[in-house]
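Each chain is listed here by its residues.
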Amino acid sequence: ATCCSDCMSFKLSYYNEYKSYLSMRTLLLGFLVLEAISALTREELAYFNVAPNTAEKNTGVRPLMSITDNGDGTLTIKSNGIPNHETGTFPSGNTNPNNIRVQHIDLTVNKVPVMRANGSEIYCLPLGIVGISITGEQINSWFPAIRACPTAPEIETLDICEGHPSPDGSYHQHHFSPCLLKQTCDKPSGIVGVAIDGIPIYGSWDENGKQLTQSDLDSCGGRWDKDGRYKYHVTVDPPYYLGCIKGELRRNSGLNLNEFFCSCPFNGSYYRESFPDSPPPPGSRPPTNGGGPGANATKVCTDPGTGTHLSCKDTFDMTQIPTRNISIMEVKTVKLAPCCPEGSDCGNSCIELVNGNKSLKSSCTRESREIKVWKFNAGVAATPINSITIIFITTLMILLQ
């Protein structure tokens, strides 16, 4: 389950949007952007083929997934949500009391993504699914639903494939998983999933074999490749998969619009209503700007009753930055995603369990790189940021490029 759009969304919105504008302006000089977007290819669709030979150990159920070309410009992806890779043991003591359960994922997307107008991206990500992986499980947005606004890896118990089940039993990923793709070092990544707007999600390496971080991507976590095609990329740094939604969402998508709200700060009433047997979420508090689920929720997307796409208007108030004060950007050395050197046998994943702890296999390698990250004063409530402060920070970020 997922939560909010906190200070990191602020960083991505104001810092990377400037870079996104420059790159988009250059692209527009060369060709019409909408014509440069191509449909999911036959080769990409072939990766969405889970091998149902082995049952998942917790459920005893084999993974099932299908993709149907509806012949009307749409694709429908169905899955039982059971992954075809290794999972941890769930429930897991006091750290995750949830069971993995069969799901009924039924998502319809545009075969050729329809891009939203520049500046109308959706930063209010849904409480839950933002995509489906090639291994059949949900890809969820980057915040957990039971805390205020830290990212999932900071507080959640995740298994060897960096996944875990929600209270509803849906096994999902929040961030980079070493089990979705066998990555060869210095080689382009393949597709790892598709987002709810039909845009493909690729691994961390670009078409030139360079591993990407969020500094290489726009505020939504994507980029235009050298062939003029827009792709999301999963990275080791937030927002991992998607920071915002770049494409239009279909009316017949199958999404639960009641779970499509701006969820930071998180309003725990919805969690308690949906999962009454679970303890109240720590750190929950009343929403600002209609920003949480429950009685005061402001839905991001509504069904207009006509046309092809949902009517979506982002409601994230960038002047309300809760939870943490922002300092300035700092350069930090981080470990990037692991990869397998060409010609080496690394098995199905570069990560293994050693005495119960995740460890890098000796046959794999992992690069460390200095990247710019936000420096937070955690635990200090931030006051609303006025327009003068926003202009100052935006100018500072441009100068820091």
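Let me sum up the structure you'll find in this document. Residue indices follow the written sequence of each chain, beginning from 1 at its first position. The model is predicted, so local features are restricted to residues of pLDDT at least 70 and side-chain atom pairs to those at 80 or more, both for listing and for counting; the totals for chains, interfaces and linings are taken over all residues. The basis for the side-chain values is all heavy atoms of the structure; hydrogens and waters are excluded.

1. Some details on the overall build of the protein
Cut-off, in case you're wondering: Strands are runs of DSSP state E lasting at least 2 residues, helices are runs of H or I lasting at least 4, and numbering of each runs from the N terminus. Throughout, a contact is declared for two residues whenever any of their heavy atoms are within 4.5 Å. Methods summary: accessible areas were calculated by the Shrake-Rupley approach with a probe of 1.4 Å, and residue burial reflects only the protein chains presented.
Each helix and strand counted, the protein has six helices and 17 strands in total. Taking the intrachain contacts of the protein between residues at least 6 apart in sequence as the baseline, contacts between residues at least 24 apart amount to 68%. About 17,300 Å² of surface is accessible on the protein, with carbon and sulfur atoms providing 50% of the total.

2. Details of the pairing of strand 4 (residues 129-133)
Where a strand is regular, its side chains alternate between the two sheet faces. Quick note on the threshold: A simple rule labels every residue: compare its accessible area, found with a 1.4 Å probe on the protein chains alone, to the largest value its type can have, and call it buried under 20%, exposed over 50%, or partly exposed in between. Strands pair, by our definition, only if DSSP identifies at least two bridges between them.
Most of strand 4 sits inside the fold, with four of its five residues counted as buried. Two elements, strand 4 and strand 5 (residues 138-140), share three bridges in a ladder whose sense is antiparallel. In the sheet register, Ile 132 faces strand 5, and the bridge partner there is Gln 138. Hairpin connection of strand 4 to strand 5: four residues between the antiparallel strands, including Gly 136 at a positive phi of 100 degrees.

3. Things to note about the sheet that holds strand 8 (residues 191-195)
Here is the rule we go by: In this description, a line fitted to the C-alpha atoms serves as the axis of each element, helices being fitted only across the stretch in contact, and the angle between N-to-C directions of two axes falls anywhere from 0 to 180 degrees.
Across the sheet, eight strands lie side by side as 6-7-5-4-8-9-11-10; this open sheet has mixed pairing. Of all the strands in the sheet, the pair left with one neighbour each is strand 6 (163-165) and strand 10 (222-224). Shown here is a sheet whose adjacent strand axes are inclined to one another by a mean of 40 degrees, direction ignored. Alignment of strand 4 against strand 8, held across three bridges, turns out to be antiparallel. Considered in strand 8, the bridge of Ile 132 is made with Val 194.

4. With respect to the pairing of strand 16 (residues 357-360)
As paired strands, strand 15 (residues 351-354) and strand 16 are joined by four bridges and run antiparallel to one another. Pairing of Glu 352 across the sheet is with Ser 359, part of strand 16. Turn length for the strand 15-strand 16 hairpin, with the two strands adjacent in sequence and antiparallel, is two residues, and the turn residue Asn 355 shows positive phi of about 55 degrees.

5. Focus on the environment of Gly 254
Inspection of the secondary structure puts Gly 254 in the loop between strand 11 (230-233) and helix 5 (268-274). For Gly 254, a relative accessible area of 59% puts it in the exposed group. Sequence spacing of Gly 254 and Thr 76 is 178 residues, and the spatial spacing of their C-alpha atoms is 9.6 Å.

6. Thoughts on the state of the cysteines
Spelled out, the test is: Two cysteine sulfurs form what is called a disulfide whenever their separation falls within 2.5 Å.
A complete count under the given rule lists six disulfides for this structure. With a sulfur-sulfur separation of 2.0 Å, Cys 161 is cross-linked through a disulfide to Cys 179. On the sign convention where negative means left-handed, the S-S torsion of about -80 degrees between Cys 161 and Cys 179 marks this disulfide as left-handed. A residue pair is termed long-range when its members are at least 10 positions apart, and Cys 161 in the loop between helix 4 (152-155) and strand 6 and Cys 179 in the loop between strand 7 (171-173) and strand 8 qualify at 18 residues. Of the two residues examined, Cys 161 and Cys 179, each falls in the buried class. What pairs with Cys 220 in a disulfide is Cys 244, and their sulfur atoms sit 1.9 Å apart. Measuring the twist about the S-S bond at about -95 degrees, one finds the Cys 220-Cys 244 disulfide to be left-handed. Residue Cys 220 is located in the loop between strand 9 (200-202) and strand 10, and its partner Cys 244 is located in the loop between strand 11 and helix 5; the two are separated by 24 residues in the primary sequence. There is no split in this pair, since Cys 220 and Cys 244 are both buried. Sequential numbering of the bridged cysteines in the protein gives the disulfide pattern 1-2, 3-8, 4-5, 6-7, 9-10, 11-12.

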